[in-house]
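Residue-level structural notes
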Amino acid sequence: MRHILLALIISLGLGGPALAQQHFVAQPSAMELQSADVLLVDIRRPEEWKQTGVLPNAHLLTYEHFDTPEAFLAALAPELDDRPVALICRTGSRTSRAARAVAELLDQPVIDIQGGITRLMREGYQPDAPTRTQGCESC
């Protein structure tokens with residue numbers, strides 16, 4: 001399993017891990033994000049999901065709605081398994097902070113998607129409309 005994870009990390013072009021935690025930074029394409037075996041979590045607000053759209057395989061859960069990283073992970077718990085967790089936001093600012101905080105609490109790697117959905121859109125990706133099944137309660 002470790003070799004498969006390392007291959008995934010290399011294929012996504014991830015940076016080196018922090019030693020105390022497994023936190024990585026990456027700039028994968030939308031196609032790579034859709035095909036990677038990761039739990040992709042879009043941590044933006046519902047109005048942002050509606051404004052720009054989302055990746056079809058993203059679980060939608062607003063990070064800032066929770067007081068602590070532990071509370072965020074408790075809400076995410078039904079989706080968690082042994083796959084790496086990839087966090088995406090609008091530009092990468094929120095995921096930079098959230099990925100570090102969450103990585104300290106998880107055994108699996110946490111990936112900060114640099115540039116967020118706006119980078120993917122600049123690269124030509126056309127996001128899908130968010131859905132209730134993804135976690136958007138107001139969609």
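Scope of this entry: the structure provided in the associated data block.

The rules behind each value
Residues numbered from 1 in each chain as written. Predicted model: local features only at pLDDT ≥ 70, side-chain atom pairs only at ≥ 80, totals over all residues. Heavy atoms only, no water. Buried < 20%, exposed > 50% of the residue type's maximum accessible area, 1.4 Å probe, protein only. Helix = DSSP H or I, 4+ residues; strand = E, 2+ residues; numbered from the N terminus. Arc of directions from axis to C-beta. Contact = heavy atoms within 4.5 Å. Pairing = 2+ DSSP bridges. Right-handed = clockwise from strand over helix to strand, strands pointing away. Phe/Tyr/Trp six-rings, centres within 6.5 Å; stacked < 30°, edge-to-face > 60°.

Here we look at helix α4 (residues 69-76)
- Those residues of α4 lying buried are Pro69, Phe72, Leu73 and Leu76. Down the axis of α4, the buried side of the element spans an arc of 95°, and every buried residue falls inside it.
- Where α4 is buried, its residues touch β2 (39-42), β3 (59-60) and α5 (93-103).

Here we look at the pairing of β2
- What you see with β2 is no split at all: Leu39 and Val41 on one side and Leu40 and Asp42 on the other are buried throughout.
- Relative to β3, β2 runs parallel, the two sharing 2 bridges. Within the sheet, the bridge partner assigned to Asp42 lies in β3 and is Leu60.
- The parallel pair β2 and β3 is bridged by helix α3 (residues 46-52), and the resulting crossover is right-handed.

Quick look at the packing of aromatic side chains
- Under the counting rule described, the total for this entry stands at 2 aromatic pairs.
- Plain terms: the ring middles of Tyr63 and Phe72 are 4.9 Å apart, the flat faces sit at 65° to each other, and that makes the pair edge-to-face.
- Given a relative accessible area of 18%, Tyr63 falls into the buried group.
- When its relative accessible area of 0% is taken as the criterion, Phe72 is described as buried.
- Residues Phe66 and Phe72 carry aromatic rings whose centres are separated by 5.9 Å and whose planes lie at 75° to one another, so their mutual orientation is edge-to-face.
- These aromatic residues form a ring-pair network of at least three members: Tyr63, Phe66 and Phe72.

On their own, these measurements won't tell you what the molecule is for.
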